[in-house]
Amino acid sequence: MSKLLIGNIKVNNNIFLAPMAGLTDLPLRLLAKQDGAGLVYTEMVSAKALVYRDKKTKKLLTILDEERPVSAQIVGGDSYSMSEAAKIVQDLGADIVDINLGCPVRKIAKAGAGAKLLANEKLVSKILESVVKSVKIPVTIKIRIGLLPEQNVAPGIIKIAQDCGIKMVAVHARPASQGHSGTPDLNAFAQSCDGAKIPIIGNGGIINEEIALEFLKIPNCAGIMIGHGAVGNYSIFRRIEEFFKTGKKLSLPTQKEKIKWLKQHVIYSTEFYGEKKGLVLMRKVAHYYVKDMPNAAKIRGEINSMTILEDFNNLLNILIDT
Ligand SMILES: Cc1cc2nc3c(=O)[nH]c(=O)nc-3n(C[C@H](O)[C@H](O)[C@H](O)COP(=O)(O)O)c2cc1C
């Protein structure tokens, strides 16, 4: 896989972990990084909440050296709060600031932010220009191919991004109306890559080497970004890298490996949030690790009732030996 320059930031490979609210916190990012993700993203954080110095929002931007380079993603609908938030993100140590232009969630759309902005090129241009001016670190964006099926606004937005000094664009190759599932539109993605002068990263439905190849063989596609497919399945980064280097497919993670990741995830989570909150937060992600196991529903039920780390570990020790 190729190394990539995003502005002045060097990444060791071009297979990235996608930003995912409620999932890509520090614990999960560390796991993805250890298994070879070239770049990890924080969850999106509200620009306004950052500007109002909301403590919980600031905690979402805790960054450790071992996960670098890290891109911190901000979301908002006005140039003032977005450029102020970008400065805060830079001061908190992010290597890159990413602007969310793809979130379809109603609350975000109501604020005129996320994917909603794709319908307003003028405002996009204003926000990108002011954010780029406000910081020294590279600024990137993550977009959708459009709001509705059959739309492809990406080439126009990429052109604006280039003119504003944006250093990379990640394109989620599904319209916003499609949410986070369904087949990605590779034709629309290919049109996005065509003639682009900055790196374009493909995203959407990448769960194995073959789909990764579908994206990477598109001329001018500079890399890929994996969301769902990476959670509890971190070796996907190395597997895709190996496939492109040697053409060989490495084996899929065993149940034992998945439980080992889950064990490490629980350790990171309880260290970072404290035992009580760390275990509650594990309820949201545990199903990614256990979904293919026999008795997955029963295991999830047990995990959902756990309030003590020792009990959680005892359960995982039993699962690792089965
Ligand atoms: C639970 C969840 C949260 C997400 N949060 C964000 C986010 O904060 N910022 C963002 O740009 N995209 C977000 N996304 C979209 C992902 O980054 C990614 O574009 C999408 O999941 C498609 O990739 P995939 O098919 O590999 O999962 C989220 C997706 C999911 C499933």
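Remember, it's a predicted structure, so these values are computed and weren't measured experimentally.

On to the site of the ligand. In the neighbourhood of the ligand, 23 residues make up the surrounding shell, with A18, M20, M44, G227 and H228 lying closest. Grouping the constituent residues of the shell around the ligand by class yields 9 nonpolar, 12 polar and 2 charged.

Here is the key point about a regular strand: its side chains alternate between the two faces of the sheet. Strand 7 (residues 139–144) sits mainly inside the fold: 6 of its 6 residues count as buried. Side chains of strand 7 alternate between two faces, with V139, I141 and I143 and T140, K142 and R144 buried alike. The sheet contact formed by strand 6 (residues 96–101) and strand 7 spans 5 bridges and is parallel. Each residue of the ladder has a partner; that of I99, found in strand 7, is I141. Pairing of strand 7 with strand 8 (residues 168–172) involves 5 bridges; the strand directions are parallel. Each bridged residue has a counterpart across the sheet, and for K142 the counterpart in strand 8 is A170.

What follows is about helix 12 (residues 275–290). A rise of 1.5 Å per residue sets the reference length of helix 12, with its 16 residues, at 22 Å; its end C-alpha atoms lie 21 Å apart and thus fit the reference within 8%. Along its length, helix 12 shows its largest kink, about 50°, at K284. The set of residues buried in helix 12 consists of G278, L279, L281, M282, V285, A286, Y289 and V290. Taken together, the buried residues of helix 12 touch helix 11 (255–273), helix 13 (296–304) and helix 14 (309–320).

Ordered by their spatial adjacency, 8 strands build an open sheet running 3-10-9-8-7-6-5-4, and the pairing between neighbours is parallel. Because the sheet does not close on itself, it has two edges, and the strands there are strand 3 (15–17) and strand 4 (40–46). Geometrically, the sheet is characterised by an average inter-axis angle of 30° between neighbouring strands, direction not taken into account. Contacts from helix 8 (residues 186–193) reach strand 8, strand 9 (200–203) and strand 10 (221–226), with the element oriented near 170° to strand 9. Relative to strand 10, helix 9 (residues 209–216) is tilted by about 145°, and along the sheet it contacts strand 9 and strand 10.

A separate point is the domain arrangement of the protein chain. Annotation of the protein chain at the domain level lists domain 1 (4–246) and domain 2 (255–320). Between domain 1 and domain 2, the C-alpha centre-to-centre distance is 28 Å. Residue-level contacts link 10 residues of domain 1 with 11 residues of domain 2. For the side of domain 1 that touches domain 2, the residue count by class is 8 nonpolar, 2 polar and no charged.

Turning next to the nonpolar core. The biggest cluster of nonpolar side chains holds 97 residues, and the ones touching the most others in it are I74, V97, V169 and V171. At 7 residues, the largest contribution of residues to this core is made by helix 12. When we break this core down by domain, the ones giving at least three residues each are domain 1 (4–246) and domain 2 (255–320). The contacts of V169, once residues within four sequence positions are left out, are T140, I141, I143, I158, A161, I198 and I200.

Along its 19 residues, helix 11 runs 26 Å from first to last C-alpha, staying within 8% of the 27 Å computed at 1.5 Å per residue. Residues of helix 11 that are buried include every one of K258, I259, W261, L262, H265, V266 and S269, and no others. Axial view of helix 11: buried residues confined to an arc of 155°, hence all on one face. Those residues of helix 11 that are exposed and aimed more than 90 degrees away from the buried face are K256 and E271. On its buried face, helix 11 sits against helix 1 (26–34), helix 12 and helix 14. Once helix 11 ends, the next one or two residues include G274, with phi positive near 95°.

Conventions adopted
Residues numbered from 1 in each chain as written. Predicted model: local features only at pLDDT ≥ 70, side-chain atom pairs only at ≥ 80, totals over all residues. Near = placed C-beta within 6 Å. Nonpolar A, V, L, I, M, F, W, Y, C, P; charged D, E, K, R; others polar. Buried ≥ 20, exposed ≤ 12 C-beta atoms within 10 Å, placed from the backbone. Helix = DSSP H or I, 4+ residues; strand = E, 2+ residues; numbered from the N terminus. Pairing = 2+ DSSP bridges. Expected span 1.5 Å × (residues − 1). Bend = angle between axes of the 7 residues up to and from the residue. Contact = placed C-beta atoms within 7 Å. Axes fitted to C-alpha atoms, helices over the stretch in contact; angles between N-to-C directions. Domains from an automatic or database assignment. Core = buried A, V, L, I, M, F, W, Y, C linked by C-beta atoms within 7 Å. Arc of directions from axis to C-beta.

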